[in-house]
Amino acid sequence: MKSIRYILCLGLSCTARLGWGQDLQLNPREGVFPPTSVLSDTDRAQVVATAEKLLNDYARAMTLIDETGGRVTPQSVNDFRALFNSNAQIDKDFEEYLRGEMVSPRTYADGIFNRLPGRGIQMQIRQVKIKRIEDDASGFWVVVLQLDKLRYNYVSSANRVKVDAGGKPIEQEMRIDVVKGKLDRAKIAKIIATEGGEPGTQRVVADYYRYFGPSLSLFSPSFTATTSDFWDSNHADALFEVEGQVGFSVGFDFLTNRINSRSSTGKNLFLSAGIHFYSYRINTRMEDFSISPGFADVANTAIGGDLAYLRLVGPVDVEESLNFNVIKIPLGVGYRLLRTQRSALLVNLKVLPTLVLGSSGDLRGTGTYDAELPAASCRLLEMGAANPNLFDQEIGYGPLEAGPGKVIDGTANPNPQGFGLGFQLSPLFYYDLSEDNSTWALLVGLDLTLQPGSFLQHDDATTDILTRPSDYETSILQHYASDLSFLGIGLRIGLQHRLRSEP
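Procedures and definitions
Residues numbered from 1 in each chain as written. Predicted model: local features only at pLDDT ≥ 70, side-chain atom pairs only at ≥ 80, totals over all residues. Heavy atoms only, no water. Helix = DSSP H or I, 4+ residues; strand = E, 2+ residues; numbered from the N terminus. Buried < 20%, exposed > 50% of the residue type's maximum accessible area, 1.4 Å probe, protein only. Contact = heavy atoms within 4.5 Å. 1 Å grid on protein atoms, 1.4 Å probe; cavity = no way out; pocket = protein on both sides within 12 Å on 5 of 7 lines; lining within 4 Å. Points joined across faces, edges and corners; volume = space filled by probe spheres on them. Nonpolar A, V, L, I, M, F, W, Y, C, P; charged D, E, K, R; others polar. Axes fitted to C-alpha atoms, helices over the stretch in contact; angles between N-to-C directions. Parallel < 35°, antiparallel > 145°, perpendicular 65-115°, else oblique. Left-handed = near helix turned anticlockwise from the far one by under 90°. Pairing = 2+ DSSP bridges. pLDDT = per-residue confidence, 0-100. Core = buried A, V, L, I, M, F, W, Y, C linked by side-chain atoms within 4.5 Å. Expected span 1.5 Å × (residues − 1). Phe/Tyr/Trp six-rings, centres within 6.5 Å; stacked < 30°, edge-to-face > 60°. Lys NZ or Arg CZ within 6 Å of the ring centre and 35° of its normal.

## Thoughts on the environment of Phe-223
Here is step 1 of the chain: Relative to the assigned elements, Phe-223 resides in strand E8 (residues 208-227).
Here is step 2 of the chain: What makes Phe-223 buried here is its relative accessible area of 6%.
Here is step 3 of the chain: Taking the C-alpha atoms as reference points, Phe-223 and Gln-245, separated by 22 residues in sequence, lie 9.6 Å from one another.
Here is step 4 of the chain: Discounting chain neighbours no more than four positions away, the residues touching Phe-223 are Val-242, Glu-243, Gly-244, Tyr-280, Ile-282, Phe-455, Leu-484, Ser-485 and Phe-486.

Okay, structure coming up:
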């Protein structure tokens, strides 16, 4: 059946070639013209004659078949391109579906050279008429023609050559620029598909697209901590500041517009999914921390027995660094704002189910710790009250863990929140590396992320930590904050496999 169809098409193509050799004639009395005071009858006849000649040149060259070589050649491509002006645009009528996508004559000719090298585009102009002549202020008489064509072959969205023995009707508008000062000179400015006589109104059924592949993101986070009521009541004068460091994520993304109906003309709605590993680093700085007034404490002395005393804390300056490893599963919908021959721009709104895998960290800083002994009327750190050489001695004041500038060096053990939920808005730009239906695309995008919940299980604190340099078991962020939110912006890059398929 396919062989019979091809033979029929080949026969019709040969018949069409005979038809292309016949002259196409324009009726100089049809259409809408400028008044004779602007364009005289003599000049109008010359304008129409020049347009008619160019039209016939186009009819002979539009297949892009070299008459001597019998196939598309660089010479036939050049002959075709010579009919158009430098900024001309053509509808890609050699593709199965007319999508209103306009390309340059060079891109159009290259498309036929690469996809239809042995046959060219087999078309016949059945009828042509003048719609109007426009007076272009840039120095041209613009002859607008309505073309009625039959197309006998085309390239499918799967990049296969298909034939139509009966010919597929196509309506197009051709605009020819005739130079006002030299009415024998003309070039084609535009050829655009039409329906009902108006350009750009054809109903186009869009293709399905699917993107899948890896991506990497670098992001700058901004964390906002809500201090607990205990902190606000007891340490409001101290500094408690949280900031995020640059983090990264790596994972896989999936995007498809298969949710649109087969008959949809745009198919601009997309579903997205993925899985990403995120690494966060949060620094918490605490300065001028003190516990006032002092509180009763007990030290176990080296000579035996417990020593009761009044302990005073502050100022303490520390910085805590916490690392969080997180898995996020972005799920969302996207809308395609722009599509060209080899690129697409989308905006994607996603929810981010979040699983905190683990956390770690450390605390570094210094603190001043004082002690008031029950048998003394002064504090340990008062001038001359005690021998500083005995501050760290076991047989001395070591059990009190007191002194100026005591080094604080601890390992954080925060309790991570098991599950959370975030939100993300992502403008995404895809650039295809080729025009094939199956190709790779470069991805560049921005991620605007909001995580309203904390990665930590915060303590309901009623007592202080860091009462001594070693008094640190979980995390100051976990202990003195009641909540933590995240807002960030990231740059995402990736390599995505793009697959285009017919509806």
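Next comes the rest of the description.
## Notes on empty space enclosed by the protein
Here is step 1 of the chain: Here the structure, examined in full by the defined rule, presents five cavities of 30 Å³ or more.
Here is step 2 of the chain: If you add up the space inside the second largest cavity, you get close to 130 Å³.
Here is step 3 of the chain: Forming the walls of the second largest cavity are 18 residues, and the residues nearest its centre are Asp-253, Ser-272, Asn-348, Lys-350 and Leu-428.
Here is step 4 of the chain: Of all the secondary structure elements, the ones that give two or more residues to the lining of the second largest cavity are strand E10 (247-256), strand E11 (269-300), strand E14 (343-372), strand E16 (419-432) and strand E17 (438-451).
Here is step 5 of the chain: It is E11 that contributes the most residues to the lining of the second largest cavity, five residues altogether.
Here is step 6 of the chain: When the residues that make up the lining of the second largest cavity are grouped by side-chain class, the tally is eight nonpolar, six polar and four charged.

## So, the packing of helix H3 (residues 74-81) against helix H4 (residues 105-115)
Here is step 1 of the chain: Between H3 and H4, the least distance of the axes is 10 Å, while the angle of their chain directions is 150°. Considering their axes alone, H3 and H4 lie roughly antiparallel with respect to each other. As for how H3 packs across H4, the hand of that crossing is right-handed. Where H3 abuts H4, its residues Pro-74, Val-77, Phe-80 and Arg-81 lie against Pro-105, Arg-106, Tyr-108, Ala-109 and Phe-113.
Here is step 2 of the chain: Counted by class, the contact of H3 with H4 contains seven nonpolar, no polar and two charged residues.

## Comments concerning the pairing of strand E3 (residues 123-136)
Here is step 1 of the chain: Bridge count for E3 against strand E4 (residues 140-155) is twelve bridges, and the pairing is antiparallel. Residue Ile-130 lies in a different strand from E4, and its bridge partner there is Leu-145.
Here is step 2 of the chain: Hairpin connection, E3 to E4: the antiparallel pair is bridged by three residues, and Gly-139 has positive phi, about 110°.

## Quick notes on the confidence of the model for the protein chain
Here is step 1 of the chain: Per-residue pLDDT for the protein chain averages 86, and the proportion of residues at 70 or more is 89%.
Here is step 2 of the chain: Predicted confidence in the protein chain is weakest over helix H1 (residues 2-20), with a mean pLDDT of 43, and strongest over E10, with 96.
Here is step 3 of the chain: This model gives residues 1-20 a pLDDT under 50, and the stretch forms 26 contacts once residues within four places in sequence are excluded.

## Things to note about the nonpolar core
As a rule of thumb, nonpolar side chains are buried together in soluble globular proteins.
Here is step 1 of the chain: Core analysis: the largest hydrophobic core is formed by 46 residues, its most contacted members being Tyr-58, Tyr-108, Leu-145 and Ile-176.
Here is step 2 of the chain: Secondary structure elements with two or more residues in this core: helix H2 (41-61), H3, strand E1 (84-91), H4, E3, E4, strand E5 (161-179) and strand E6 (186-195).
Here is step 3 of the chain: Broken down by element, this core gets its largest block of residues, eight residues, from H2.
Here is step 4 of the chain: When neighbours within four sequence positions are excluded, Leu-145 is seen to be in contact with Leu-26, Leu-55, Val-128, Lys-129, Ile-130, Lys-131, Gln-172, Glu-173, Met-174 and Ile-176.

## A look at unusual backbone geometry
Here is step 1 of the chain: Cis rather than trans, the peptide bond between Ser-292 and Pro-293 has omega equal to 0°.
Here is step 2 of the chain: By secondary structure assignment, the location of Pro-293 is in strand E11.
Here is step 3 of the chain: The omega torsion across Gly-314 and Pro-315 is 0°, close enough to zero to call that bond cis.
Here is step 4 of the chain: Looking at the element boundaries, Pro-315 is found in strand E12 (residues 306-328).
Here is step 5 of the chain: Here Lys-267, not a glycine, exhibits a phi torsion of approximately 50°, which is positive.
Here is step 6 of the chain: Among the structural elements, Lys-267 can be located in the loop between E10 and E11.
Here is step 7 of the chain: The residue Leu-466 is not glycine, and still its phi comes out positive at about 65°.
Here is step 8 of the chain: Relative to the elements of secondary structure, Leu-466 occurs in the loop between E17 and helix H6 (476-480).

## Notes on H2
Each α-helix winds once per 3.6 residues, and so residues spaced three or four apart point in a common direction.
Here is step 1 of the chain: Along its 21 residues, H2 runs 30 Å from first to last C-alpha, staying within 8% of the 30 Å computed at 1.5 Å per residue.
Here is step 2 of the chain: Every buried residue of H2 is listed here: Val-47, Val-48, Thr-50, Ala-51, Leu-54, Leu-55, Asn-56, Tyr-58, Ala-59 and Ala-61.

## Remarks on the environment of Glu-243
Here is step 1 of the chain: Summarising the element assignment, Glu-243 is placed in strand E9 (residues 239-244).
Here is step 2 of the chain: Residue Glu-243 is classed as partly exposed on the basis of its relative accessible area, which comes to 38%.
Here is step 3 of the chain: For the pair Glu-243 and Asn-283, spaced 40 residues apart in sequence, the C-alpha separation works out to 5.4 Å.
Here is step 4 of the chain: Beyond its immediate stretch of four places on either side in the chain, Glu-243 contacts Phe-223, Arg-281, Ile-282 and Asn-283.

## A closer look at the packing of aromatic side chains
Here is step 1 of the chain: By the definition in use, this model includes 22 aromatic pairs.
Here is step 2 of the chain: Ring centres 6.3 Å apart and planes at 50° place the aromatic pair Phe-248 and Phe-277 in the tilted group. Pair noted here: Phe-248 is in strand E10 and Phe-277 is in strand E11, with a separation of 29 residues, a long-range link.
Here is step 3 of the chain: The partly exposed category is assigned to Phe-277, whose relative accessible area is 27%.
Here is step 4 of the chain: Clustering of aromatic rings is evident, with ring pairs tying together Phe-219, Phe-223, Tyr-278, Tyr-280, Phe-324, Phe-455 and Phe-486.
Here is step 5 of the chain: Here Lys-180 stacks its cationic end above the ring of Trp-141, 4.8 Å away from the centre of that ring.
Here is step 6 of the chain: Lying across the ring of Tyr-208, Lys-267 places its NZ or CZ 5.2 Å from the centre.

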